Amino acid sequence: MTAVSVRKVSKAFNVGKSNQVDALHEVSLDVKPGEFVSLIGPSGCGKSTLLRLVANLLEPTAGEVMVNGKSAVKARLDQDYGMAFQQAGLFDWRTVRKNIELPLELKGWDKGNRQTRAAEMLQLVQLPEFADHYPWQLSGGMQQRIAIARALAAHPPLLLMDEPFGALDEMTREYMQGELLRICAATGTTVVFVTHSIPEAVYLSNRVVVMSPRPGRITKIVDVSLGGERTEDTRNRTAFFEAITTVREGLRGMHAAHVGLGNDDR
Amino acid sequence: MNKAVNLVGKALPAIVFGALFFGFWEWAVRFFELKPYFLTAPSSIWGEFITNFSFIRRAATVSGTNALIGLVAGTVLGVAMSFGLSRFRFLNQIVTPLAVALNAVPIFVLVAVLNNMYSITSEIPRRVMVTLVVYFIVLVNVARGLTQVSPTHVEIMRSYAASDLAILRKVRIPNALPFLFVSLKIAAPAAVITAFVSEYFGGSQNGLGSRISSNIANSKNAVAWAYVLSACLLGLMFYLFSVLMESLNRKGEVK
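Remember, it's a predicted structure, so these values are computed and weren't measured experimentally. (Residues numbered from 1 in each chain as written. Chains lettered and ligands numbered in written order. Predicted model: local features only at pLDDT ≥ 70, side-chain atom pairs only at ≥ 80, totals over all residues.)

Of regular secondary structure, chain A possesses 8 helices and 10 strands. For 266 residues, the compact-globule estimate of 2.2 N^0.38 gives 18 Å, and the C-alpha radius of gyration of chain A, at 19 Å, lies within 12% of that figure. In terms of overall dimensions, chain A has a C-alpha envelope of 60 × 45 × 35 Å along the principal axes. The proportion of buried residues among the 266 residues of chain A is 43%. Put simply, 70% of the contacts in chain A that link residues at least 6 apart link residues at least 24 apart. (Helix = DSSP H or I, 4+ residues; strand = E, 2+ residues; numbered from the N terminus. Rg over C-alpha atoms; globule rule 2.2 N^0.38 Å. Buried ≥ 20, exposed ≤ 12 C-beta atoms within 10 Å, placed from the backbone. Contact = placed C-beta atoms within 7 Å.)

Set out below in structure tokens:
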């Protein structure tokens, strides 16, 4: 069984109107359980749209999305995935602990179990001493770790992330990438990760999906052969740079083609 | 201890300025020998305030009760209606522009019309007027708080398969609470002002507003000023109450 299965999915906005936008055109993608897959591409290539289709926050115009062998709707209703965004999206009126408990509250867990799980999650993201703080008392990186703890609180098998580290500075970003890999290894979570950053995509992923705009489609899938264990040292290895080059070529080839085609889009 | 010192330090410039202001006022009246009908000295206003205190208190109770009843009724109705607005988009599109426009005009003059609907001694027109003024202030602000929630918050809730009711309870209402307290801070002084001013449009001569105008008419300027002082105090009381409410709400957040 695949963790995520996208079959010939198209998504258009404003269908039938003069301002119709074809965000995705016949996209197919399979993600295996435990795999880390990044979606990369320029603005407007539909990577966030694809993520939202998997999350069932949007409905496809055509095609089929399956998550955990169920329809995307069923998977959402069963809370089969957790989600994290560029904004941590924590609730300022709730303490850190209460923020992490939110998905469990919605699942109807009782107070005792919620507290136990929240404590576990805080341990996992290594911020147990901040349980009773409020989100605005934390740094951006800490807030994002709490957001990840919240997304994983109900132990969903799948984590969907939309540029979660996009608003962080470079150092915090690299630290967070290491943390994310450690957390996912500890929990065995499958991840679909949207990003703008080539090194970030390569460092984190088993596979990098390169996408292109108008209409959004997959142009290339790069297998990253860096092995399971990734450390700070990984960033200095030849294989790391080779993978970066391959992804960049994928993106650039498309860019060149785009420029060559002329200004048909603007 | 430190906190108290800090508070005094913050309040000191205002206190010194206030003292200087009243000092100058008193001095100017004495030095230029200003006639009482032109400007009354603070000392004689204070004297009249003490002498007439029981009358002033009675009048303040009448106006204060009108303001309070209107404030409570307007807040309850405004909050209730804002839920309706946030639930039904078309209602929002119809009512919000109207409410915003009404907030910008002195609608309390409507009390003259309301007076015609009830008996001459009735307090109801004044209370209805205060209710209306408060209602629109609360409505506009709370509806904004209920609808202007972070899109990320809504997406997160939907990703957890949260129902509309759960989103209302866990996102929209907590988001709207600060808006409610801000609107109360605007509405509380507005309620008092409306209660006074509506007394100028007839009805029983029992509140602070009507006492001020009748004392002015009888050239009892110092007494009129004493009622003005009481009106200021009543307005301040309402404002401080709304600030206190807000700080109680914040207490949970600030550590």
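Let us now look at the overall build of chain B. Of regular secondary structure, chain B possesses 10 helices and 0 strands. If you list the helices and strands of chain B from N to C, you get α-α-α-α-α-α-α-α-α-α. Taken against the 2.2 N^0.38 rule, which gives 18 Å for 255 residues, the C-alpha radius of gyration of chain B at 23 Å runs more than 25% over that of a compact globule. Structurally, chain B occupies a C-alpha span of about 75 × 55 × 30 Å along its principal axes.

Let's shift gears to the interface of chain B and chain A. Where interface size is quoted, it is often the accessible area lost as the parts come together. Taken together, the contact between chain B and chain A spans 13 residues of the former and 14 residues of the latter. Within the residue set of the side of chain B that touches chain A, elements represented by two or more residues are α7 (151–159) and α8 (164–199) of chain B. Considering only residue class, the side of chain B that touches chain A consists of 6 nonpolar, 4 polar and 3 charged. (Nonpolar A, V, L, I, M, F, W, Y, C, P; charged D, E, K, R; others polar.)

Time to look at unusual backbone geometry. Residues and elements named next belong to chain A. With omega at -15°, the peptide bond leading from R214 into P215 counts as cis. Tracing the sequence through the fold places P215 in the loop between β9 (207–212) and β10 (217–223). Although it is not a glycine, K8 sits at a positive phi angle of roughly 45°. You can see K8 is positioned in strand β1 (residues 4–13). In this structure, Q79 takes a positive phi of about 50° despite not being glycine. Among the structural elements, Q79 can be located in the loop between α2 (72–77) and β6 (81–84).

A few words on the confidence of the model for chain B. Looking at chain B, pLDDT values average 86 and 97% of them are 70 or higher. Taken together, the chains of this predicted complex give a pTM of 0.79 and an interface ipTM of 0.81. (pLDDT = per-residue confidence, 0-100.)

Right, let's get into the sheet that holds strand β8 (residues 190–195) of chain A. Residue and element names in this part refer to chain A. Pairing is mixed in the open sheet, where 6 strands are placed in the order β6-β7-β8-β3-β9-β10. The open sheet has two edge strands with one neighbour each: β6 and β10. This sheet shows a mean twist of 15° between the axes of neighbouring strands, independent of strand direction. Where strand β7 (residues 158–162) meets β8, 5 bridges bridge the pair, whose relative direction is parallel. When the bridges of β8 are listed, M161 appears paired with F193. (Pairing = 2+ DSSP bridges. Axes fitted to C-alpha atoms, helices over the stretch in contact; angles between N-to-C directions.)

This brings us to the pairing of β10(A). All names here are of chain A. Pairing geometry for β9 and β10, over 6 bridges, is antiparallel. Looking at β10, one finds that M211 is bridged to I218. Counting the residues in the hairpin turn of β9 and β10 gives 4 residues, including R214, whose phi is positive at 50°.

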